[in-house]
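# Structural description and commentary
Residue strings, one per chain:
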Amino acid sequence: MSQQLGKMLALVTVGIPVRNGGEFLAHALDSILGQSYRNLEIVVSDNGSDDQTAETMARYCKLDRRIVYIRQREPIKAFDNFRFVLDQAKGVYFLWAAHDDFHSPDYIERLVHALEADSEAVLTFGDLLITSPGNEQGTLRDYDFATEELQWRRRMKKAAFTQCFHIYGVWRTSSLKSIPFAGNAWWPDLPVMIGAAFIGTFKYVPGPRFFYHEVPKTNLQRVQYQDYAARFNIVAGVLGLIRASYISSAGVGGLFAGLYGAWLVISKQARNLPGFLGRRLRWP
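Description of the structure in this document. Just so you know, these numbers come straight off a predicted model, no measurement behind them.

About the cut-offs
Residues numbered from 1 in each chain as written. Predicted model: local features only at pLDDT ≥ 70, side-chain atom pairs only at ≥ 80, totals over all residues. Heavy atoms only, no water. Buried < 20%, exposed > 50% of the residue type's maximum accessible area, 1.4 Å probe, protein only. Helix = DSSP H or I, 4+ residues; strand = E, 2+ residues; numbered from the N terminus. Arc of directions from axis to C-beta. Polar contact = N/O pair within 3.5 Å; in protein donor to acceptor, adjacent residues only side chain to side chain. Axes fitted to C-alpha atoms, helices over the stretch in contact; angles between N-to-C directions. Parallel < 35°, antiparallel > 145°, perpendicular 65-115°, else oblique. Left-handed = near helix turned anticlockwise from the far one by under 90°. Contact = heavy atoms within 4.5 Å. Nonpolar A, V, L, I, M, F, W, Y, C, P; charged D, E, K, R; others polar. Core = buried A, V, L, I, M, F, W, Y, C linked by side-chain atoms within 4.5 Å. Salt bridge = Lys/Arg side-chain N within 4 Å of Asp/Glu carboxyl O.

### Description of helix α8 (residues 190-199)
- A large share of α8 lies buried, amounting to eight of its 10 residues.
- Residues of α8 that are buried include every one of Leu190, Pro191, Val192, Met193, Ile194, Gly195, Ala196 and Ala197, and no others.

### With respect to helix α6 (residues 152-160)
- Among all positions in α6, only Arg155, Met156, Ala159 and Ala160 are buried. Along the axis of α6, the buried residues cluster in a sector spanning 130°; they form a single face.
- Taking the backbone nitrogen of arginine 153 as reference, a side-chain oxygen 2.9 Å away marks glutamine 151 as the first, capping residue of α6.

### Looking at the packing of α6 against α8
- At their nearest, the axes of α6 and α8 sit 8 Å apart, and the two run at 160° to each other. Judged by the angle between their axes, α6 and α8 are roughly antiparallel. For the crossing formed where α6 meets α8, the hand is right-handed. When α6 is examined against α8, the residues Trp152, Arg155, Met156, Ala159 and Ala160 are found in contact with a partner set consisting of Leu190, Met193, Ile194, Ala197, Phe198 and Ile199.
- Its residues placed into classes, the contact of α6 with α8 shows 10 nonpolar, no polar and one charged.

### Thoughts on the nonpolar core
- Ranked by size, the top nonpolar core spans 69 residues in total, and within it Val14, Ile42, Trp96, Ile108, Trp171 and Phe202 carry the most contacts.
- With seven residues, the single largest contributor to this core is helix α10 (residues 234-281).
- Aside from chain neighbours lying at most four places away, what touches valine 14 is Ile32, Leu40, Glu41, Ile42, Val43, Leu95, Ala97 and Ile108.

### Let's talk about the pattern of salt bridges
- Within the structure shown, the criterion is met by seven salt bridges.
- In this structure, aspartate 118 and lysine 203 form a salt bridge, with 3.6 Å as the shortest nitrogen-oxygen distance. Of this pair, aspartate 118 sits in the loop between α5 (107-116) and β6 (121-132) while lysine 203 sits in strand β9 (residues 201-213), and the two are 85 residues apart along the sequence. For the residue pair aspartate 118 and lysine 203, the accessibility class agrees, reading buried in each case.
- Note that lysine 158 and aspartate 144 form a salt bridge whose closest N and O atoms lie 2.9 Å from each other. Here aspartate 144 lies in the loop between β7 (135-141) and α6 and lysine 158 lies in helix α6, a separation of 14 residues in the sequence.
- With relative accessibility at 54%, the residue aspartate 144 sits in the exposed group.

Laid out in structure tokens, this is it:
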């Protein structure tokens, strides 16, 4: 794709929230800079890293003018950093990119074209591959997230009961920015996905590949990483998730959508309760 053609395309903002990107950050940046879709702005928010992240970013900023590097004065919560890069976005479309994930070269181009061809869609996402130490090529996962041709209540229900890998798809920026983000330690991305499902559809685009680097963590490890907390209370976490789901859904759909979003989360947690208690009560 020529530079001249790239200037004619809609601007896409890629938001990269990072803290201690370490050995993975350069690979993630190469994946974005190597995209066939050229009209990008790449906003990197360094959340107080104390490793080589700043040095890596200094090197890449010299290589490509599309990169905007911002270093937070004090560390903020991880999901607040996700919101921060979104708030900086000037593009018509938006993509979150984690510092340890990567994409096929056609990822942005094909997902943007699919969004432009479907006015009902607020998000497009491709094929999901899970990578891990020792499995850098990734394993293709059967991942049913699409909500095309579903009425809004069924879209919200499906979003509530689906893992949130597709949050790393290409979004309509205006739609994503319209969703209130309420802070919660437990599953912080789920309220956003439920609210987004009220606004429009999630569209599957076969072919472009997203490689998700999976690092198993306990609940406490996740909260320590996200919020820098020393302790985690599951009851408080679930209550925070219910509250956040109400706020996000009500913010885009009004009172009934908010109550429905909260009820979906309550139903999901009730469904998961027997398995949770079984794991807690299981003898060593």
